[in-house]
Amino acid sequence: MERWTLREFEAAARERLDPAHYDYFAGGAGDEITVRANEAAFARLGLLPRVLRGAAKLQTGVTLLGSRAAMPVLVAPTAFHRLADPEGERATARAAAAAETIMIVSMASTVAVGDVAAAAPGAELWFQLYLQPDESFTETVVRRAEAAGCRALVVTADSPVHGRRERDLRNGFLDLPEHLCCENMRDGDRVRPIVMSPELSWRHLDRLREMTSLPIVVKGVAHPEDARIALDHGISAIMVSNHGGRQLDTVPAAVDLLPDIVAAVGGAVPVLLDGGVRRGTDVLKALALGAAAVAVGRPVIWGLAAGGERGVASVLALLRAEVEQALTLCGCACLADLDAGMVRRPC
Ligand SMILES: Cc1cc2nc3c(=O)[nH]c(=O)nc-3n(C[C@H](O)[C@H](O)[C@H](O)COP(=O)(O)O)c2cc1C
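Since this is a predicted model, take the numbers as computed values, not measurements.

### Examining the overall build of the chain
Stage number 1. Helix and strand counts for the chain come out as 12 helices and 14 strands.
Stage number 2. Its C-alpha atoms give the chain a radius of gyration of 19 Å, within 12% of the compact-globule value 20 Å for 347 residues.
Stage number 3. Each principal axis of the C-alpha atoms in the chain carries an extent, and together these give about 65 × 50 × 40 Å.
Stage number 4. Considering only residue pairs separated by 6 or more positions, the chain has 75% of its internal contacts joining residues 24 or more positions apart.
Stage number 5. Accessible surface, the chain as shown: approximately 14,600 Å² in total, 51% of it carbon and sulfur.
Stage number 6. Where the 37 positive side-chain charges of the chain centre and where its 43 negative ones centre are 4 Å apart.

### Focus: the packing of helix α2 (residues 19-26) against helix α12 (residues 298-329)
Stage number 1. Running from amino to carboxyl end, α2 crosses α12 at an angle of 155°, the nearest separation of the two axes being 10 Å. Between α2 and α12, the crossing angle belongs to the class labelled roughly antiparallel. Mapping the contact onto sequence places Tyr22, Phe25 and Ala26 in α2 and Arg298, Ile301 and Trp302 in α12.
Stage number 2. Within the contact of α2 with α12, the residues separate by chemical class into five nonpolar, no polar and one charged.

### Details of the site of the ligand
Stage number 1. Lining the immediate environment of the ligand, one finds 22 residues, of which Pro77, Ser106, Thr156, Asp274 and Arg278 sit closest.
Stage number 2. Ala79 places a main-chain nitrogen or oxygen 3.1 Å from a nitrogen atom of the ligand.
Stage number 3. With respect to the ligand, the side chain of Ser241 contributes an N or O atom lying 3.3 Å from an oxygen atom.
Stage number 4. Protein burial of the ligand: of its 600 Å² of free accessible surface, 98% is covered by the chains.

### Thoughts on the UniProt feature "active site" (unreviewed entry) in the chain
Stage number 1. As recorded in UniProt, the sites labelled "active site" (unreviewed entry) are His243.
Stage number 2. Mapped onto the secondary structure, His243 falls in the loop between β11 (237-240) and α10 (254-265).
Stage number 3. You can call His243 buried: its relative accessible area is 13%.
Stage number 4. The residues touching His243, leaving out its near neighbours within four places in the chain, are Tyr130, Thr156, Asp158, Ser159 and Lys219.

### Regarding the packing of aromatic side chains
Stage number 1. Considering all chains together, one arrives at four aromatic pairs under this definition.
Stage number 2. Seen in terms of ring centroids, Tyr22 and Trp302 are 5.3 Å apart; in terms of plane orientation they differ by 25°. Their pairing is stacked. Pair noted here: Tyr22 is in helix α2 and Trp302 is in helix α12, with a separation of 280 residues, a long-range link.
Stage number 3. Taking the centre distance of 5.3 Å and the plane angle of 25° together, the rings of Tyr24 and Phe80 count as stacked. With Tyr24 in helix α2 and Phe80 in the loop between β4 (73-75) and α4 (89-98), this residue pair connects regions lying 56 residues apart in the sequence. Here the two residues Tyr24 and Phe80 agree in accessibility, since each one is buried.
Stage number 4. Cluster of aromatic residues (ring-pair linked, three or more members): Tyr24, Phe25, Phe80 and Phe173.
Stage number 5. Over the face of the ring belonging to Phe9 we find Arg3, whose NZ or CZ atom lies 5.5 Å from the ring centre.

### A word on the layout of surface pockets
Stage number 1. Size it by volume and the largest pocket reaches roughly 970 Å³.
Stage number 2. Contributing to the lining of the largest pocket are 45 residues, with Tyr24, Ala79, His162, Arg165 and Arg246 lying nearest its centre.
Stage number 3. Those elements that place two or more of their residues in the lining of the largest pocket are α2, α7 (166-171), β13 (293-296) and α12.
Stage number 4. Broken down by class, the residue content of the lining of the largest pocket amounts to 23 nonpolar, 13 polar and nine charged.
Stage number 5. Surrounding the second largest pocket, 31 residues form its lining, Ala157, Asp158, Ser159, Pro160 and Gly220 being those nearest its centre.
Stage number 6. Those elements giving two or more residues to the lining of the second largest pocket turn out to be β7 (153-156), α8 (202-211) and β10 (216-221).

Calculation rules
- In every chain, residue numbers begin from 1 and rise along the written sequence.
- Under the rules for a predicted model, residues below a pLDDT of 70 receive no local features and side-chain atom pairs below 80 are neither given nor counted, while totals for whole chains, interfaces and linings still include all residues.
- Side-chain numbers come from the whole structure's heavy atoms, not from hydrogens or water.
- Only DSSP runs of H or I with at least four residues qualify as helices, and only runs of E with at least two residues qualify as strands; both kinds are numbered from the N terminus onward.
- Atoms considered for the radius of gyration are the C-alpha atoms alone. The globule rule reads 2.2 Å times the number of residues to the power 0.38.
- Contacts between residues were defined by any pair of non-hydrogen atoms, one from each residue, lying within 4.5 Å.
- The accessible surface values rely on the Shrake-Rupley method and a 1.4 Å probe; as for residues, cover is taken only from the protein chains in view.
- Within this scheme the basic residues Lys and Arg register as positive and the acidic residues Asp and Glu register as negative, but His and the chain ends are omitted.
- Think of each charge as sitting on NZ of Lys, CZ of Arg, CG of Asp or CD of Glu.
- To define axes, lines are fitted to C-alpha atoms, for helices over the stretch in contact only, and angles between the resulting N-to-C directions are given on a 0 to 180 degree scale.
- Any angle between 65 and 115 degrees counts as roughly perpendicular, while under 35 counts as roughly parallel, over 145 as roughly antiparallel, and the rest as oblique.
- Each residue receives one of three labels: charged for Asp, Glu, Lys and Arg, nonpolar for Ala, Val, Leu, Ile, Met, Phe, Trp, Tyr, Cys and Pro, and polar for the others, Gly being one of them.
- Proximity is defined per residue: any heavy atom of the residue falling within 4 Å of a molecule or strand makes that residue near it.
- In protein, a polar contact requires one atom able to donate a hydrogen and another able to accept it; more generally it is a pair of N or O atoms within 3.5 Å, and residues adjacent in sequence count only if both atoms are side-chain atoms.
- UniProt positions are given in the numbering used here, feature names are shortened, and annotations may be inferred rather than shown by experiment.
- Residue exposure (1.4 Å probe, protein chains only): buried if accessible area is under 20% of the type maximum, exposed if over 50%, otherwise partly exposed.
- Between 30 and 60 degrees the pair is tilted, below 30 it is stacked and above 60 it is edge-to-face, where a pair is any two Phe, Tyr or Trp rings, Trp via its six-membered ring, whose centres lie within 6.5 Å.
- To sit over a ring, a charge needs its Lys NZ or Arg CZ within 6 Å of the ring centre and within 35 degrees of the ring normal.
- With a 1 Å grid laid over protein atoms only, a set of points is called a cavity when a 1.4 Å probe fits there but cannot get out and a pocket when it is open yet has protein on both sides within 12 Å along at least five of seven lines; lining residues have an atom within 4 Å of a point.
- Grid points are joined across faces, edges and corners, and a volume is the space filled by probe spheres set on the points.

Here it is in structure tokens:
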């Protein structure tokens, strides 16, 4: 069945998924105020198109930290893809490679990062990392990501503890089924838990910086002051994110956080954003406000659950088509033609 919007993919995924797994993917922390805010904030922004600008040859490609993407929409790191499809992250990576975009593989992937890379030759992979208090194990995982050919490390900084996900508590969904595990956490014949620790600090990030020559992205920045501090620690990009509303509830919508962070960074490094991107017009709004690219989390899961690799490919193709059409309707030939003056609130 042909699907015309990302929302239809969510409906199809919901029909196929175990209800507890659907809740795990869809849900967020607390009252899910931030989950809803992420999408609602995009809807409140209006686009002011320009006209008669002779914008003929469309160009939507971006280069980020040396990785090339055919569109400014990346695959955000999300855990547990094999709950959605037996091929899991392998299928997602193949679809990302076909769409010529970057996939950020989660540390909590249910396929080891090396196997993800092997399954999707030509895929541009980055690797998401929760810094572990046992830094020698952080290093083990970093070496696995490097060996798999990942081109950047994305350190998720917004998770000193798990968010309070009440849907999961209610459903008793506290762990993966027995046949699945976080494959990147294998340590000899055991699988380590991913430790989230409030003790982590910028010093741990400095030590990661010494461990690897890969560019480091800090994900989960909400406060402009943290963006400024990140620059002092030699990071290569900042990802504005509230973890899709799954960590601290009532953090403002990602797109509402963006302008202050863009101002704080002052062009020193690229600023990325995720949270609530569901339409090509959302992508354009974020880019006009200064993001270099955006990433999508749940829409990819919905594609995967609805139709495996082909489902993810359709989701990414749909977003690309929407970006191209909206860009043309805005009178722009390329992403650099977008500027903050084209975004108005309220619409
Ligand atoms: C089911 C699920 C699992 C996630 N797992 C991770 C993860 O392992 N690491 C991480 O940094 N972020 C994780 N995230 C957050 C995403 O990277 C991203 O910030 C968020 O999904 C963006 O919002 P969106 O779903 O509205 O696009 C997860 C999000 C979801 C929905």
